[in-house]
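Structural overview for review
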Amino acid sequence: MSAKWFKFVHEARIEQIIYEVTFLISYKTASEQFINFTKIKDEIRSIENVTVVKTAEERQILSGYEYRDLIIKVALPPKVKIKDELLDHIIPQLKEVSDIKIIKLSSIERISER
């Protein structure tokens, strides 16, 4: 391999892998309890390695609770496994966010590298 190509290959190292992770969440729909999603999203964004937080527009209402998807993007070094990061760090911190309840982890998708 020529020195020119060797340098190019080493410059193209992957430093982060981006994952899109979807959770089903629920929250109470009581009229006297206003849910401030901006505050909740800011709190979730403060979790280490979480870069983007959004909620699906579509929601279902059942027995006084609303259910919708919470979509987060997570940026990790290539050697860190997404499942370990979710179980050890992200999910425990999501469970501490007031006003929402994590029902289930719906999907994990590797979307890009940088």
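A few points on the structure. Predicted model, so just to flag it, every value in this text is computed and none were measured.

**Some remarks on the nonpolar core**
One finds Phe23, Ile44 and Ile72 to be the most contacted residues of the largest nonpolar core, which totals 25 residues. Going through the elements one at a time, strand E1 (17-28), helix H2 (37-45), strand E2 (50-62), strand E3 (65-76) and helix H3 (82-95) are the ones with two or more residues in this core. Among the elements that take part in this core, E1 stands out by supplying six residues, more than any other. In this structure isoleucine 72 touches Tyr19, Glu20, Val21, Phe23, Ile44, Val50, Val52, Val53 and Ile90, once residues within four positions along its chain are discounted.

**A few points about the pairing of E3**
Pairing analysis gives twelve bridges linking E1 to E3, with the strands arranged antiparallel. When the sheet's bridge partners are listed, isoleucine 17 is paired in E3 with leucine 76. When E2 meets E3, the two strands line up antiparallel, connected through nine bridges. Residue pairing in the sheet places valine 52 in a bridge with lysine 73 of E3. Counting the residues between successive antiparallel strands, the hairpin from E2 to E3 contains two residues, one of them, serine 63, with a positive phi of roughly 50°.

Basis of the calculations
Residues numbered from 1 in each chain as written. Predicted model: local features only at pLDDT ≥ 70, side-chain atom pairs only at ≥ 80, totals over all residues. Heavy atoms only, no water. Core = buried A, V, L, I, M, F, W, Y, C linked by side-chain atoms within 4.5 Å. Buried < 20%, exposed > 50% of the residue type's maximum accessible area, 1.4 Å probe, protein only. Helix = DSSP H or I, 4+ residues; strand = E, 2+ residues; numbered from the N terminus. Contact = heavy atoms within 4.5 Å. Pairing = 2+ DSSP bridges.

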